[in-house]
Amino acid sequence: MNLQSTTTLNNGVEMPWVGLGVFDADAGGVAEQAVRWALDLGYRHIDTAAGYYNEADVGRGIKDSGIDRDKIFVTTKVRNSDQGYESTLKAFDASRSELGTDVVDLYLIHWPIKGSHLDTWKALEHLYAKGKVRAIGVSNYLSHHLEELFDNFDIVPAVNQVEFHPFLIQEELIAFDKEHSILHEAWSPLTRARRLDDPSITEIARKYHRTNAQVILRWDLQLGIATIPKSQDRGRIEENSRLFDFELDAEDVEKLKSLDADFRVGPHPDEMF
Ligand SMILES: NC(=O)c1ccc[n+]([C@@H]2O[C@H](COP(=O)([O-])OP(=O)(O)OC[C@H]3O[C@@H](n4cnc5c(N)ncnc54)[C@H](OP(=O)(O)O)[C@@H]3O)[C@@H](O)[C@H]2O)c1
């Protein structure tokens, strides 16, 4: 496995296991520079959202990299305030134009907004049928939100992107996604650096002569979970990409699992709206 290794989504599309997240990377240069560094270092997957207000930076970073667009996997997401059928179609066109791309690789519903997420999904299915997106998925969906989609539609989301790190595991949701061939993808894999210095993680990191961030990201991959760490620092973007020359043993995989504490850095999907 290497930084460009892919997983096959439930519709046959290949998605790199590791991507660069750009939440909170400022537009107007910072996000663009981060994307350029990441692509230069070998990343081929960028995760943005209309709500991050940096899609244009991502688009410029990709263009300036000189790498063929079809070698890079780009995810963006429908903002909550744009949910609904017509508004999603309009929002998609805006995202596509900001990104400067004809086709988006993965388009996600950012949060399961009560009352409108079913119409939003209908719009995503339309975009998929028209070939404007290569895969469609969801984010922050719990099993009951997914059941609602299954009850109303035929297409099963390719991805469910949720908060995931050693302090928030949600085993049942992982099992549910797996059972339905939905790829589980980790957002805030590094806890936004809030619990990165946990002594148990440091102890494991010392054993493998790696950093705490590398241990967590490697753990994601060994669990079969795609991961999109954010950094806007060249050194840390590189650090987060060096995950392929060591392997955690089974005991350490379990030790990391034992840190589960129902600790969130973001909102609970049922409590946000
Ligand atoms: N779907 C959703 O609702 C949702 C929600 C949140 C996030 N996301 C996606 O997931 C991505 C990742 O999540 P996130 O940005 O919330 O948090 P994260 O990746 O867990 O952590 C990012 C923070 O950790 C720092 N960091 C990165 N690498 C580090 C390292 N090796 N050592 C020490 N500190 C490090 C970063 O600072 P520097 O930049 O200074 O390195 C930044 O402050 C986002 O960027 C976004 O694409 C999706």
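Use the structure listed above.
Per-chain numbering applies: the sequence of each chain, read as written, is numbered from 1 onward. Side-chain atom pairs in this predicted model are given and counted only at pLDDT of 80 or more, local residue features only at pLDDT of at least 70, and totals for whole chains, interfaces and linings cover all residues. Computation of side-chain values: all heavy atoms of the structure, hydrogens and water removed.

**Student:** Any details on the overall build of the chain? Residues and values, ideally.
**Tutor:** Elements are defined by DSSP. Helices are runs of H or I of four residues or more, strands are runs of E of two residues or more, and each kind is numbered from the N terminus. Looking only at helices and strands, one finds 10 helices and 10 strands in the chain. Its C-alpha atoms give the chain a radius of gyration of 18 Å, near enough to 19 Å, the size a compact globule of 273 residues would have. C-alpha atoms of the chain, sized along the principal axes, occupy 55 × 40 × 30 Å. Of all 273 residues assigned to the chain, the portion counted as buried reaches 55%. When charges are counted, neither His nor the chain ends are considered; positive counts come from Lys and Arg and negative counts from Asp and Glu. Just so you know, the charge point we use is NZ for Lys, CZ for Arg, CG for Asp and CD for Glu. Where the 30 positive side-chain charges of the chain centre and where its 46 negative ones centre are 5 Å apart. The atom set for the radius of gyration is the C-alpha atoms, and the globule formula is 2.2 Å times the number of residues raised to the power 0.38. Note on classification: 1.4 Å probe, protein chains only; a residue is buried when its accessible area is under 20% of the maximum for its type, exposed when over 50%, partly exposed between these limits.

**Student:** For the site of the ligand, give the residues involved together with the corresponding values.
**Tutor:** Note on definitions. A residue lies near a molecule or strand when any single heavy atom of the residue is within 4 Å of it. Around the ligand, the surrounding shell holds 29 residues, and the nearest of these are Asp-47, Ser-188, Arg-192, Ser-231 and Arg-236. Within the side chain of His-110, a nitrogen or oxygen atom sits 3.3 Å from an oxygen atom of the ligand. Contacts described as polar in this section are N or O atom pairs within 3.5 Å, which, within protein, must combine one atom able to donate a hydrogen with one able to accept it, while residues neighboring in sequence count only if both atoms come from side chains. Interatomic distance of 3.5 Å between a side-chain N/O atom of Trp-187 and an oxygen atom of the ligand. Against a free-state accessible area of 900 Å², the protein chains account for coverage of 87% of the ligand. All accessible areas in this document rest on Shrake-Rupley with a 1.4 Å probe, and a residue is counted as covered only by the protein chains that are shown.

**Student:** How would you explain the packing of helix 2 (residues 55-65) against helix 3 (residues 85-99) if you had to name every residue and give the values?
**Tutor:** Geometry is summarised by axes, namely lines fitted to C-alpha atoms with helices restricted to the contacting stretch, and by angles between N-to-C directions that run from 0 to 180 degrees. Contact geometry for helix 2 and helix 3: axes closest at 7 Å, N-to-C directions at 40 degrees. It follows from the interaxial angle that helix 2 and helix 3 lie oblique. Contact residues: helix 2 offers Glu-55, Ala-56, Val-58 and Gly-59, while helix 3 offers Ser-95, Glu-98 and Leu-99. In this scheme, roughly parallel covers angles under 35 degrees and roughly antiparallel covers those over 145, while 65 to 115 is roughly perpendicular and the rest are oblique. Contact definition: two residues touch when any of their heavy atoms are within 4.5 Å.

**Student:** Can you tell me about helix 6 (residues 171-179), naming the residues and giving the values?
**Tutor:** For helix 6, the complete set of buried residues consists of Leu-173, Ile-174, Phe-176 and Asp-177. Buried positions in helix 6, seen along its axis, are confined to an arc of 160 degrees and lie on one side of it. Residues of helix 6 that are exposed and point over 90 degrees away from its buried face: Glu-172, Lys-178 and Glu-179. Those residues of helix 6 hidden inside the fold are in contact with helix 5 (143-152), strand 8 (159-163) and strand 9 (183-187). After helix 6 finishes, the residue Ser-181 shows a positive phi value of roughly 60 degrees. By definition, the arc is the one covered by directions from the helix axis to the C-beta atoms.

**Student:** Residue-level account of the sheet that holds strand 10 (residues 226-227), with values.
**Tutor:** Two strands pair if DSSP finds at least two bridges between them. Taken in spatial order, the 8 strands line up as 3-4-5-6-7-8-9-10 in an open sheet, and their pairing is parallel. For this open sheet the edge positions go to strand 3 (20-21) and strand 10, each flanked by a neighbour on one side alone. The pairing of strand 8 with strand 9 spans 5 bridges and is classified as parallel. Looking at strand 9, one finds that Gln-161 is bridged to Glu-185. Against the sheet, helix 3 touches strand 5 (73-78), strand 6 (104-109) and strand 7 (133-139), its axis set at about 140 degrees to strand 6.

**Student:** Residue-level account of the side chain of Arg-218, with values.
**Tutor:** Along the chain, Arg-218 falls in helix 8 (residues 212-222). Any Lys or Arg side-chain nitrogen found within 4 Å of a carboxyl oxygen on Asp or Glu counts as a salt bridge. This buried residue, Arg-218, is left without a salt bridge; Glu-247 holds the nearest opposite charge, at 4.6 Å. Excluding residues within four positions of it along the chain, Arg-218 makes contact with Leu-243, Phe-244, Phe-246, Glu-247 and Leu-248.

**Student:** Account for helix 8, with residues named and values stated.
**Tutor:** Counting buried residues along helix 8, 10 of its 11 residues qualify, which places the element largely inside the surrounding structure. Turning to helix 8, its buried residues number three or more, namely Asn-212, Ala-213, Gln-214, Val-215, Ile-216, Leu-217, Arg-218, Trp-219, Asp-220 and Leu-221. Of the surrounding elements, those touching the buried residues of helix 8 are strand 9, helix 7 (199-208), strand 10, helix 9 (234-239) and helix 10 (250-257). Just past helix 8, the residue Gly-224 takes up positive phi, approximately 75 degrees.

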